[in-house]
Amino acid sequence: MTEDSRPLAVFDLDGTLADTAHRQRFLEGKPRDWAAFFAAAPDDPPLAQGVALALESGRECEVVYLTGRPERCRKDTVAWLAAQGLPEGRIWMRRNDDRRPARRTKLEILRRISASREVRMLVDDDELVCDEAEQAGFKVVRARWASTSAALKDAQEREGRT
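The model shown is predicted, which means the values in this text are computed figures rather than measured ones. All residue numbers refer to position in the chain's written sequence, counted from 1. In keeping with the model being predicted, local features are shown solely for residues with a pLDDT of at least 70 and side-chain atom pairs are shown and tallied solely at 80 or more, while totals for entire chains, interfaces and linings include all residues. Side-chain measures here rest on the full set of heavy atoms in the structure, leaving out hydrogens and waters.

A. Seen up close, the overall build of the protein chain. Under the scheme used here, helices are H or I runs from DSSP no shorter than 4 residues and strands are E runs no shorter than 2 residues, and both carry numbers assigned from the N terminus. In terms of regular secondary structure, the protein chain is built from 6 helices and 5 strands. Seen in sequence order, the protein chain has helices and strands lined up from the N terminus as β-α-α-β-α-β-α-β-α-β-α. Residue burial is assigned from relative accessible area. The probe radius is 1.4 Å, only protein chains are included, and a residue is buried under 20% of its type maximum, exposed over 50%, and partly exposed in between. Per-residue burial for the protein chain yields a buried fraction of 51% across its 162 residues. Restricting to contacts in the protein chain with at least 6 residues of sequence separation, those with at least 24 account for 72%. Any pair of residues with heavy atoms lying within 4.5 Å of one another is described as a contacting pair.

B. Up close: the pairing of strand β4 (residues 119-124). The buried fraction of β4 amounts to 5 of the 6 residues, a majority that puts the element mostly inside the structure. Bridge count between strand β1 (residues 8-11) and β4: 4 bridges; the pairing is parallel. Bridging from a neighbouring strand, Phe 11 pairs with Val 123 of β4. Pairing analysis gives 3 bridges linking β4 to strand β5 (residues 140-142), with the strands arranged parallel. Bridging across to β5, Asp 124 finds its partner in Arg 142. When the strands point away from the viewer and the path from the first strand over the helix to the second turns clockwise, the crossover is right-handed. Crossover connection from β4 via helix α5 (residues 127-135) to parallel β5: handedness right-handed. One bridge is not enough; two strands pair if DSSP finds at least two bridges between them.

C. Representation of the side chain of Glu 62 within the structure. By the element assignment, Glu 62 lies in strand β2 (residues 62-70). A polar contact is formed between the side chain of Glu 62 and the side chain of Arg 117, at a distance of 2.6 Å. Polar contact is the term for a pair of N or O atoms within 3.5 Å; when the atoms are in protein, one must be able to donate a hydrogen and the other to accept it, and sequence-neighboring residues count only if both atoms are side-chain atoms.

D. A look at the sheet that holds β5. Sheet architecture is open: 5 strands sit in the order β3-β2-β1-β4-β5, paired in parallel fashion. In this open sheet, the two strands that pair with only one neighbour each are β3 (91-94) and β5. Sheet twist, expressed as the average angle between the axes of neighbouring strands with direction ignored, equals 20 degrees. Lying on the sheet, helix α3 (residues 74-83) is in contact with β2 and β3; it crosses β3 at an angle near 145 degrees. In this analysis, axes come from line fits to C-alpha atoms, helices being fitted only over the stretch in contact, and the angle between any two N-to-C directions falls in the range 0 to 180 degrees.

Next up, the structure:
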């Protein structure tokens, strides 16, 4: 089986592979400090369960990443993934000006990539993303191994930021 024909294992970053607990405080005030929230991302500790699943998935699948992080965070994101020893893979990021809910943007990308490649699974911590993906027929692994603040959950849905 060639690299291009292997099924895809699609992983979210924040709350799935990266522990955002130390930076969620930036979303608790009004207005939310998105610049500080994303600037602190390079310091995220890895989430052991998510990293282990990504490494295990890489045995049979091509591991790729689907995040709500804005495109301006690409360089930091690539460096963070490499520093954690995670598989190199394509990273789909949100346009800097895209404020749609993650469940909309991620499902749109999943449908697009599944048109030409088998998506073996999506691993994500956002329950609304998981619900939408399951309803669309994708196999979902719900990443429930990190704690997410109410402010982050609200931001994911209402502000379309992560």
